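Coordinates in review
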Amino acid sequence: MSLVKPAMRGLLAKRLRFHLPIAFGLALVAAVAFKFTVTEPRKQAYADFYKHYDSMKEFSAMREAGVFESVRPTGK
Amino acid sequence: MLATRVFRLVGNRTLSTSICLRGGHGVAKVEDYTLPAYFDRRESPLPDIKFVQQLSPEQKSLKEKEKGSWAALSKEEKIALYRISFKESFAEMDKGTGEWKSVVAGIFFFIGFTGLVVLWQRKYVYGDVPHTFDAEYKQKEVQRMLDMRINPVEGFSAKWDYENNAWKK
């Protein structure tokens, strides 16, 4: 007949005390993981692509392939 | 005149109810669903009525014994008293029914049936796909995409080796 009186108040506060730091931590981890697996490699890929990019060469190649309407391929 | 007729009816009714208290005519029949009911529910543990309403003679004698000291009751008698008041114990009422198996089986069955319907549709309902799905057309399409340098940094054209005219290894 000597049962402990259960907690009657502060139940939400107790739950938040436990779960909010975890939630914030996981969100932070997700953001950091995304940054280092997606955005940084992407930025590097673009930097590498444009480091030795010759736009005139690419343009001529595209022109010869005939994809433009403003300029025809050189030749007839 | 109508009012007096109504007054007479009302008067008659009050007269008849006072007779009813002795005669029993005119009182509405008590339906079962209007009486307090027994139910097994976790959230309200004490139903309005006991489970067993008509006690057998042994049960009646047990109820008499209950009025004395409870220490004198044996274990079986205590359980019998419990079963008089309640239909299922908490463990029994909380037990799963296994209904989910039928539900999942039904889901799979109807998904399978839908698959058959879709197959029939493909054969008998749909017309031909457009000419843009032909192999040569697709080849020309891919060539044009490569010529236009679609997604040259990380995507489509990035995987094509323009020097050797082949996909990158």
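Everything below is about the structure printed above this text.
Residues numbered from 1 in each chain as written. Chains lettered and ligands numbered in written order. Predicted model: local features only at pLDDT ≥ 70, side-chain atom pairs only at ≥ 80, totals over all residues. Heavy atoms only, no water.

Description of the overall build of chain B
Quick reminder of the rule: Strands here are runs of E lasting at least two residues and helices are runs of H or I lasting at least four, both read from the DSSP assignment and numbered beginning at the N terminus. Note on contacts: a residue pair qualifies if any of its non-hydrogen atoms lie within 4.5 Å across the two residues. Using a 1.4 Å probe, accessible areas were evaluated by the Shrake-Rupley method; residue-level cover was limited to the displayed protein chains.
On a plain count of helices and strands, chain B comes out with six helices and two strands. In sequence order, the secondary structure elements of chain B are arranged as α-α-α-α-α-α-β-β. When contacts within chain B are restricted to residue pairs at least 6 apart in sequence, those whose partners lie at least 24 apart make up 32%. Here chain B has roughly 14,700 Å² of accessible surface; of this, 62% comes from carbon and sulfur atoms.

Overview of the pattern of salt bridges
So the rule is basically this: Take a side-chain nitrogen of Lys or Arg and a carboxyl oxygen of Asp or Glu: if they are within 4 Å of each other, that pair is a salt bridge. Three labels apply to residues, based on accessible area from a 1.4 Å probe with only protein chains included: buried if under 20% of the type maximum, exposed if over 50%, partly exposed otherwise in between.
If you walk through the whole model with that rule in mind, you get twelve salt bridges over all chains. For Lys43 of chain A, the salt bridge identified is with Glu40 of chain A, shortest N-O distance 3.3 Å. Linking Lys43 of chain A with Glu40 of chain A, this pair stays in helix 1 (residues 11–51), spanning three residues, or about one helical turn. By relative accessible area, Lys43 of chain A is classed as exposed at 51%. With its nearest N and O atoms 2.0 Å apart, the salt bridge here joins Arg42 of chain B to Asp94 of chain B. Of this pair, Arg42 of chain B sits in the loop between helix 1 (2–23) and helix 2 (57–66) while Asp94 of chain B sits in helix 4 (residues 90–94); the two residues are 52 residues apart in sequence, bridging distant segments of the chain.

By themselves, these are just geometric observations and shouldn't be taken as functional.
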